[in-house]
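This is what each chain is made of:
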Amino acid sequence: MSGTAVRRSDGRPGALWAVPALLYFALFAVVPMALVVALSFCRWSGLGSPHWAGTANWSRLLHDPQLGQSLRLSLLLTVVTWAVQTVICLPLGVWCAGHQRGRAVLSTLFFVPLLMSSAAVALLFSALLDPNFGLAHTIGPWLGVDDGNFIGDPHLALWTVMAVVTWQFVPFHTLLYQAAARQVPAQLYEAATIDGAGRWRQFFSITLPQLRNTVVTSSVLILVGSLTYFDIVLILTNGGPGTSTRILPLHMYLTGFSSFDMGYAGVLAVLLLAAGTTLSLLVVRVTGFRRMASRREGL
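Residues numbered from 1 in each chain as written. Predicted model: local features only at pLDDT ≥ 70, side-chain atom pairs only at ≥ 80, totals over all residues. Heavy atoms only, no water.

Here we take up the packing of aromatic side chains. For the structure shown, the criterion picks out nine aromatic pairs. Taken together, a centroid distance of 4.8 Å and an interplanar angle of 40° make the contact between tyrosine 24 and phenylalanine 28 tilted. Of this pair, tyrosine 24 and phenylalanine 28 are both found in helix 2 (residues 19-39), four residues apart, which corresponds to roughly one turn of the helix. There is no split in this pair, since tyrosine 24 and phenylalanine 28 are both exposed. Consider the rings of phenylalanine 41 and tryptophan 58, whose centres lie 6.1 Å apart with planes at 40°: the pair is tilted. Here phenylalanine 41, found in the loop between helix 2 and strand 1 (42-43), pairs with tryptophan 58, found in helix 3 (residues 56-59); they are 17 residues apart in sequence, far enough to count as distant. With a relative accessible area of 24%, phenylalanine 41 lands in the partly exposed category. Using a relative accessible area of 27% as the deciding quantity, one classes tryptophan 58 as partly exposed. (Phe/Tyr/Trp six-rings, centres within 6.5 Å; stacked < 30°, edge-to-face > 60°. Helix = DSSP H or I, 4+ residues; strand = E, 2+ residues; numbered from the N terminus. Buried < 20%, exposed > 50% of the residue type's maximum accessible area, 1.4 Å probe, protein only.)

Structure representation (structure tokens):
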């Protein structure tokens, strides 16, 4: 192996170092995506061999009565979880980056949901939200739900799912903001203190601008990740009551593995892929994230 292939003349690593990552990406991302695209043009029940169906599966998008509702529910889930998690995680992450008494203990408790799988979280809340024996039976009347049946009410089920998803992923995004907040130069706060700026002024004039790239990163992860939630919804509500929580990823899953229509499920998967990619590119374009540079402003 030649030295020029490993390291460039300017001292940076050569292109050869990217080969393992490219192979991994091709094997576990590009190839599966290509197979799903090919499957969307086939008719397959999951058994036997797929049969070419042309554009028949794609034409069904225009006549799918569930598609419109699933898109609306997914959009609502995306927007609400992004707004709630950002509002909670940003100040919480900044606080965890400080040196308050008891911060370490409380931070550890905040991060407990991060250690649990989505299936474990869904099973935990299935027990807690049981209207007969769970905690929901006790707190339901306090919140105006006399029977405590949060996941059995078509008007409350999706909001309950949003609360569970938020509870699970708040620790992860808090960790992002905590790490970023610790990189803000202390000199900026010292100068602001000398100038008489209080905590709120320092937060909005120093901390928040310094965290803008982290806000974009967290937002992209939340927005794209919300398009893949289905396991929590599957275990908690299975898309019910009725179809009130049948978001698009769950619609794809049930179409493929309950109705055994893998071809049309492939179409829905490609639609999700296109939506996630478009959303990511839009956020990057609007925020100017692609021009992000590694620098510390004010120094």
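Quick look at the side chain of arginine 246 now. Here arginine 246 shows up in the loop between helix 12 (231-236) and helix 13 (248-257). Nearest to the buried, unbridged arginine 246 among oppositely charged side chains is aspartate 64, at 7.2 Å. (Lys, Arg positive; Asp, Glu negative; His and termini not counted. Salt bridge = Lys/Arg side-chain N within 4 Å of Asp/Glu carboxyl O.)

Before going further, it helps to spend a moment on the environment of tryptophan 142. Mapped onto the secondary structure, tryptophan 142 falls in the loop between helix 7 (136-139) and helix 8 (157-181). Assessed through its relative accessible area of 67%, tryptophan 142 is described here as exposed. On a C-alpha basis, the gap between tryptophan 142 and threonine 207 in space is 38 Å, while along the polypeptide they are 65 residues apart.

So, on to the environment of threonine 277. For threonine 277, the location among the structural elements is in helix 14 (residues 262-287). For the pair formed by threonine 277 and valine 224, sequence separation is 53 residues and the distance between their alpha carbons is 8.0 Å.

On to the nonpolar core. Considering soluble globular proteins, one finds that nonpolar side chains tend to be buried as a cluster. If you look at the biggest cluster of nonpolar residues, it comprises 23 residues, and the most contacted ones within it are Phe125, Leu129, Val164, Ile232, Leu236 and Ile247. Element by element, the count of residues in this core is highest for helix 8, at five residues. Setting aside residues up to four positions removed in sequence, isoleucine 232 forms contacts with Ser118, Ala122, Val164, Val165 and Gln168. (Core = buried A, V, L, I, M, F, W, Y, C linked by side-chain atoms within 4.5 Å. Contact = heavy atoms within 4.5 Å.)

Below, the discussion takes up helix 14. Across its 26 residues, helix 14 extends 37 Å between first and last C-alpha, which sits within 8% of the 38 Å expected from 1.5 Å per residue. All of the buried residues along helix 14 are Met262, Gly263, Tyr264, Ala265, Gly266, Val267, Leu268, Val270, Leu272, Gly276, Ser280 and Val283. Taken together, the buried residues of helix 14 touch helix 2, strand 1, helix 3, helix 4 (67-96), helix 11 (212-225) and helix 13. (Expected span 1.5 Å × (residues − 1).)

Attention now moves to the side chain of threonine 81. Inspection of the secondary structure puts threonine 81 in helix 4. Overall, the relative accessible area of 0% leaves threonine 81 in the buried class. In this structure the side chain of threonine 81 is engaged in a polar contact, spanning 2.5 Å, whose partner is the backbone oxygen of leucine 77. Beyond its immediate chain neighbours, meaning those up to four positions away, threonine 81 contacts Met162, Val165, Thr166, Ile222 and Ser226. (Polar contact = N/O pair within 3.5 Å; in protein donor to acceptor, adjacent residues only side chain to side chain.)

Okay, a nonpolar patch on the surface next. On the surface, Val105, Leu106, Leu109, Phe110 and Val112 cluster together to form a nonpolar patch covering roughly 420 Å² of accessible area. Mapping leucine 109 onto the fold places it in helix 5 (residues 103-110). (Patch = residues over 30% accessible without salt bridge, like charges linked within 9 Å, V, L, I, M, F, W, Y side chains within 5 Å. Areas by Shrake-Rupley, 256 points an atom, 1.4 Å probe, with all protein chains shown as cover.)

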